[in-house]
Amino acid sequence: MRIKSVDARWIRIPIEESRQHVSDFGRLRTFDAAIVRIETQAGVVGWGEGKNAAGSSGQYAALVHLINNEIGPNLVGRDASQITQIWEDLYNGTRSESAASRGHVFPELSRRGLTVAAISAIDIALWDIRGKALGQPVWALLGGRSAERLPAYASGGWADAKGIGEQLRSYIDAGGFGAVKMRVGSMDGAPHVSAERVRAARDAIGPGVDLMVDAHGTYTVAEAKRFAAMVADCDLAWFEEPVTADDRLGIAEFRAATHIPVALGESECTRFDFRDLVVARAADILQPDPAFCGGITEAMRIAALASSFNLRLAPHLWAGAPAFFAGLHVIAAAPAGFIVEYSLGANPMIHDLSRETVCVQDGTIAVPDAPGLGLEIDTDVISRFAVD
């Protein structure tokens, strides 16, 4: 179980023009991620993923360099089964020995952003290795799963008021979804435009399908309140990132002013950020992204926070295959986990990277039974779309 090599690559997969969408991120023409391959001396290979950019596109050269040139070489020769200790060592950096001897974190200054994204990728790959080495799926190593299949929601919804109903109905018809999510916020220019789109969506899908909205943090507190008031009768299942994640007081103020459940977390790193959200009474649903929050290890710690405060867990899974599969295992194993995000926009980083077909049937998705993440990576896709 000794680590032989760590290799990160920036993968950039083009999105065909007919499937490109426009949101507050602009037009998304590619799907990007840092994909990590860790191999042990025994030949066991684990796959991980790190994220450092909004949406699905961005620059990954710095993250890949960090993993390949600073973090990865220090992992060679270490026991791959020591997942938690490796996590803590990477988080605490040069202070790791002091932290271990004192029994509390003593992190170095670069304990957010790229550093945690790198830790996330490595952690996911190590869990994949651990499961493969033991012949067990990751969810079994995390304590078991709640179900063989998990409910999923269709994530997309960029069309205007005239087209949003047809767009969301097409999602429901494609996978039998009982819940759908649409985008709102600055992409529409004004709260009343978003509200008109939401009302059109609700009219089209009827009362029996849960409807969520996601503003990507682009509203001010005042705008979020105005929007919430305009759609108060639309029975929204949650309002995701109504305000920028950096304005935690503002998010808490918004939550106190509305009856709509608030979902947060895709922009947050580690359990410490989520602890602050929970203590501030800023969220009803926590949404850690396994490729950014600290991997499977930290996602499970965040899941314990959700359970402790009687909140729910719905990880952000607009991601590539390693992070998506990691999220499936976390949701299945965590008592607070309850629903899977399934992107209905173009997502070649899931569907092209995975040799197995990833699909939703009757509104549910299967929890993998195969060892590790249960993911077989198409290495030809890695080679074809790697950015040199």
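Parameters and conventions
Residues numbered from 1 in each chain as written. Predicted model: local features only at pLDDT ≥ 70, side-chain atom pairs only at ≥ 80, totals over all residues. Heavy atoms only, no water. 1 Å grid on protein atoms, 1.4 Å probe; cavity = no way out; pocket = protein on both sides within 12 Å on 5 of 7 lines; lining within 4 Å. Points joined across faces, edges and corners; volume = space filled by probe spheres on them. Helix = DSSP H or I, 4+ residues; strand = E, 2+ residues; numbered from the N terminus. Nonpolar A, V, L, I, M, F, W, Y, C, P; charged D, E, K, R; others polar. Axes fitted to C-alpha atoms, helices over the stretch in contact; angles between N-to-C directions. Parallel < 35°, antiparallel > 145°, perpendicular 65-115°, else oblique. Left-handed = near helix turned anticlockwise from the far one by under 90°. Contact = heavy atoms within 4.5 Å. Buried < 20%, exposed > 50% of the residue type's maximum accessible area, 1.4 Å probe, protein only. Phe/Tyr/Trp six-rings, centres within 6.5 Å; stacked < 30°, edge-to-face > 60°. Lys NZ or Arg CZ within 6 Å of the ring centre and 35° of its normal.

**A closer look at empty space enclosed by the protein**
Moving on, step 1. Across all of its chains, the model carries one cavity of 30 Å³ or more by this definition.
Moving on, step 2. Volume-wise, the largest cavity comes out at about 30 Å³.
Moving on, step 3. What lines the largest cavity is simply Ile83, Ile86, Trp87, Leu90, Ile119, Ile122, Asp123 and Leu126.
Moving on, step 4. At the level of secondary structure, the elements contributing two or more residues to the lining of the largest cavity comprise α2 (83-92) and α4 (114-134).
Moving on, step 5. A class-by-class count of the residues in the lining of the largest cavity yields seven nonpolar, no polar and one charged.

**What about the packing of helix α8 (residues 221-230) against helix α9 (residues 248-257)?**
Moving on, step 1. In contact at an axis separation of 10 Å, α8 and α9 are set at 20 degrees when each is read in the N-to-C sense. With respect to each other, α8 and α9 are oriented roughly parallel. Our pair here, α8 against α9, has a crossing hand that is right-handed. Residue-level inspection shows Val221, Ala224, Lys225 and Ala228 of α8 in contact with α9, the latter providing Gly250, Glu253, Phe254 and Ala257.
Moving on, step 2. Considered class by class, the residues forming the contact of α8 with α9 number five nonpolar, one polar and two charged.

**A few points about the packing of helix α11 (residues 295-308) against helix α12 (residues 321-333)**
Moving on, step 1. Packing of α11 against α12 leaves a shortest axis separation of 10 Å and a crossing angle of 30 degrees. Relative to α12, α11 is oriented roughly parallel. The handedness of the crossing between α11 and α12 comes out as right-handed. Only Ala326, Val330 and Ala333 of α12 make contact with α11, whose side of the interface consists of Ile296, Ala299 and Met300.
Moving on, step 2. The class makeup of the residues in the contact of α11 with α12 is six nonpolar, no polar and no charged.

**So, the side chain of Arg271**
Moving on, step 1. Looking at the secondary structure, you find Arg271 in helix α10 (residues 270-279).
Moving on, step 2. We classify Arg271 as buried; its relative accessible area is 18%.
Moving on, step 3. If we skip the residues at most four places from it in the chain, Arg271 touches Trp87, Glu88, Val105, Glu298, Arg301, Ile302 and Leu305.

**Description of the packing of aromatic side chains**
Moving on, step 1. Going through the model one piece at a time under the given rule, you end up with 13 aromatic pairs.
Moving on, step 2. Put simply, the rings of Phe177, Phe324, Phe325 and Tyr342 pair up and form one aromatic cluster.
Moving on, step 3. If you follow Arg312 out to its NZ or CZ, it ends over the ring of Phe338, 4.1 Å from the centre.

In short, geometric facts, not functional conclusions.
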